[in-house]
Amino acid sequence: MHIDCNIGGAVSGADDTGITAVVGQAARAQDIGFDGIWSTDVDRDPFLPLAVAAMTTTTVQLGTGIAVAFARSPMTTAMAANDLQEMSGGRFVLGLGTQIQAHIERRFSMPWSAPAERMSEYVDAVRAIWRSWRTGERLDFRGDYYQHTLMTPMFTPAPHPHGEPKIVISAVGPKMTRVAARVADGLLVHGFTTQRYLSEVTQPVIAVELRQAGRSRAEFTVSYPGLIASGSTDEEMARAVHAVRRQIAFYGSTPAYRHVLELHGWHDLHTELHRLSKAGEWATMSALIDDEVLNTFAVVGDPTEAGAEVAIRFGGLVDRFTLLTPYPLSDDTAAAIVAGARAAAARG
């Protein structure tokens with residue numbers, strides 16, 4: 001199992017999330033021993049930090065985790081991804097997600113409809129554009145949501161030797177998970193996921209879809225940004241636990257994620273969290289996340305223990321695990337978590 005991290009934004013786990021700090025974040029992540037770096041579409045554009053990372057790293061995988069697809073034309077996404085694949089020497093992975101209707105319509109002022117069907121077509125459109133650039137064939141993509149029928153030599157990127165990036169899709173529910181297994185190279189599991197949900201819901205859906213498509217599990221990558229509450233001192237631990245409770249409460253209040261809580265029998269918790277979110281009572285929401293809920297949705301412990309627990313819980317379920325730490329995480333603590341996970345994985 002590969003261990004990854006986030007850079008460049010509010011969920012990077014860094015003290016300084018300014019764009020100029022990304023240079024240091026990327027280089028340190030590689031030095032710490034992370035296998036991959038993801039850039040999120042939260043409080044800044046996800047592509048720009050990876051352009052910096054591509055120039056300051058040499059070995060780590062670089063990916064958008066995620067870029068909001070429906071906020072962008074397939075053409076603009078295809079162009080940015082192609083540039084990053086070239087800049088990184090073939091280390092880039094294009095991670096795409098839908099966001100929710102309110103954000104697409106009210107924050108991005110873009111159309112929303114049939115997210116699973118639109119996402120499937122979006123991936124097909126991006127690949128059709130790349131194919132046109134690679135082969136020189138006429139661009140003639142005509143779908144229900146996207147049409148790309150014009151590409152002239154002036155606007156065609158010069159060829160490079162690194163091939164097309166892999167595409168992975170973010171999903172929580174079974175419907176989008178099926179889309180990922182059918183049309184993408186991998187799945188980015190949402191951070192509001194549990195070991196039980198991965199085992200009982202996500203993995204069976206993937207297995208069925210891959211089998212029907214005649215694909216093997218070995219050619220499909222499952223990546224999971226899992227919540228970690230860890231620190232090297234009691235003060236750091238307390239801060240981490242508080243931040244993770246708050247993050248779980250935020251996710252748990254979102255109707256699109258309620259089925260994860262329902263699997264565990266926590267229907268009423270979602271109802272109350274949603275009600276409180278509408279009233280803006282965020283502090284009260286965090287208080288509802290008791291230790292059972294906390295430890296179900298997050299790995300909690302000192303760095304070495306947390307790293308070992310990551311390997312134990314998720315080693316047989318996912319291929320890549322990203323430390324999701326909505327609080328500042330020191331380099332030493334991050335390195336200890338990575339070392340703990342690798343040591344536990346080596347022990348089997």
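Look up a bit, the structure's there.
Let me begin by describing the structure that accompanies this report. Values in this document were obtained by computation on a predicted structure and should not be read as measured data. (Residues numbered from 1 in each chain as written. Predicted model: local features only at pLDDT ≥ 70, side-chain atom pairs only at ≥ 80, totals over all residues. Heavy atoms only, no water.)

A look at the overall build of the protein
Looking only at helices and strands, one finds 14 helices and 12 strands in the protein. Relative to the globule expectation of 20 Å for 348 residues, the C-alpha radius of gyration of the protein, 20 Å, shows essentially globular dimensions. Taken over the C-alpha atoms alone, the protein extends approximately 60 × 40 × 40 Å along its principal axes. Residues classed as buried in the protein amount to 54% of the 348 residues present. About 15100 Å² of surface is accessible on the protein, with carbon and sulfur atoms providing 52% of the total. Charge centroids of the protein, computed over 30 positive and 38 negative side chains, lie 6 Å from each other. (Helix = DSSP H or I, 4+ residues; strand = E, 2+ residues; numbered from the N terminus. Rg over C-alpha atoms; globule rule 2.2 N^0.38 Å. Buried < 20%, exposed > 50% of the residue type's maximum accessible area, 1.4 Å probe, protein only. Areas by Shrake-Rupley, 256 points an atom, 1.4 Å probe, with all protein chains shown as cover. Lys, Arg positive; Asp, Glu negative; His and termini not counted. Charge placed at Lys NZ, Arg CZ, Asp CG, Glu CD.)

A look at the packing of helix α6 (residues 174–183) against helix α7 (residues 195–213)
As a packed pair, α6 and α7 sit with axes 8 Å apart at the nearest point and diverge in direction by 40 degrees. In terms of their interaxial angle, α6 and α7 are classed as oblique. Between α6 and α7 lies a crossing of right-handed hand. On α7, the residues that touch Pro174, Thr177, Arg178, Ala181 and Arg182 of α6 are Tyr197, Val201, Thr202, Val205, Ile206, Glu209 and Leu210. (Axes fitted to C-alpha atoms, helices over the stretch in contact; angles between N-to-C directions. Parallel < 35°, antiparallel > 145°, perpendicular 65-115°, else oblique. Left-handed = near helix turned anticlockwise from the far one by under 90°. Contact = heavy atoms within 4.5 Å.)

Considerations on helix α1 (residues 22–32)
For α1, every residue scored as buried is listed here: Val22, Gln25, Ala26, Ala29 and Gln30. All buried residues of α1 project into a common sector of 125 degrees when viewed along the axis, lining one side. Turning to α1, the residues buried within the fold contact β1 (2–7), β2 (36–39) and α2 (47–56). Following α1 by one or two positions, Gly33 adopts a phi angle in the positive range, close to 115 degrees. (Arc of directions from axis to C-beta.)

Quick word on the packing of aromatic side chains
Under the counting rule described, the total for this entry stands at 12 aromatic pairs. Among the aromatic side chains, those forming a connected cluster through ring pairs are Phe192, Phe250, Tyr251, Tyr257, Trp266, Trp282 and Phe297. Directly above the aromatic system of Phe70 lies the positively charged group of Arg118, at a separation of 5.8 Å from the ring centroid. (Phe/Tyr/Trp six-rings, centres within 6.5 Å; stacked < 30°, edge-to-face > 60°. Lys NZ or Arg CZ within 6 Å of the ring centre and 35° of its normal.)

Concerning the packing of helix α3 (residues 74–87) against helix α5 (residues 115–135)
Any two packed helices are characterised by the angle at which their axes cross and by the distance between the axes. Packing of α3 against α5 leaves a shortest axis separation of 9 Å and a crossing angle of 55 degrees. When the interaxial angle is binned, α3 and α5 end up oblique. Two packed elements cross with a definite hand, and for α3 against α5 that hand is right-handed. For the pair α3 and α5, contact is made by Pro74, Met75, Thr77, Ala78, Met79, Ala81 and Asn82 and by Tyr122, Ala125, Val126, Ile129, Trp130 and Trp133, respectively. Partitioned by chemical class, the residues of the contact of α3 with α5 number 11 nonpolar, two polar and no charged. (Nonpolar A, V, L, I, M, F, W, Y, C, P; charged D, E, K, R; others polar.)

A closer look at the pattern of salt bridges
Counted by the stated rule, this structure contains 18 salt bridges. Of the charged contacts in the structure, one is a salt bridge between Arg72 and Asp45, with a shortest N-O distance of 3.2 Å. Of this pair, Arg72 sits in the loop between β4 (67–68) and α3 while Asp45 sits in the loop between β2 and α2; the two residues are 27 residues apart in sequence, bridging distant segments of the chain. Residue class for Arg72 comes out buried when judged on its relative accessible area of 15%. (Salt bridge = Lys/Arg side-chain N within 4 Å of Asp/Glu carboxyl O.)

Examining unusual backbone geometry
Put simply, Gly65 and Ile66 share a cis peptide bond, and its omega is 10 degrees. Mapped onto the secondary structure, Ile66 falls in the loop between β3 (61–64) and β4. With a phi angle near 55 degrees, Ser109 is a residue other than glycine that sits in the positive phi range. Here Ser109 shows up in the loop between α4 (101–107) and α5. Since its relative accessible area comes to 61%, Ser109 is described here as exposed.

Notes on the nonpolar core
Ile37, Leu94, Leu96, Met119, Ile169, Ile228 and Ile248 are the most contacted members of the largest nonpolar core, which totals 105 residues. Once residues lying within four places of it in the same chain are set aside, the contact partners of Ile169 are Leu96, Met119, Val123, Met176, Val179, Ala180, Val183, Ala184, Gly186, Leu187 and Leu188. (Core = buried A, V, L, I, M, F, W, Y, C linked by side-chain atoms within 4.5 Å.)

Here's the deal with helix α14 (residues 331–347)
Along its 17 residues, α14 runs 24 Å from first to last C-alpha, staying within 8% of the 24 Å computed at 1.5 Å per residue. Thr333, Ala334, Ile337, Val338, Gly340, Ala341 and Ala344 are the residues of α14 that are buried. All buried residues of α14 fall inside an arc of 160 degrees around its axis, so they share one side. Exposed side chains of α14 directed beyond 90 degrees from the buried face belong to Asp332, Ala346 and Arg347. Among the structural elements, β1, α1, β10 (221–229), α8 (234–252), α13 (303–314) and β12 (320–324) are those in contact with the buried residues of α14. Gly348 lies just past α14 and shows a positive phi near 85 degrees. (Expected span 1.5 Å × (residues − 1).)

Comments concerning the environment of Tyr224
The topology assignment puts Tyr224 in strand β10. The exposure class of Tyr224 is buried, given its relative accessible area of 1%. Considering only alpha carbons, one finds Tyr224 and Asp4, 220 residues apart in sequence, at a separation of 9.4 Å.

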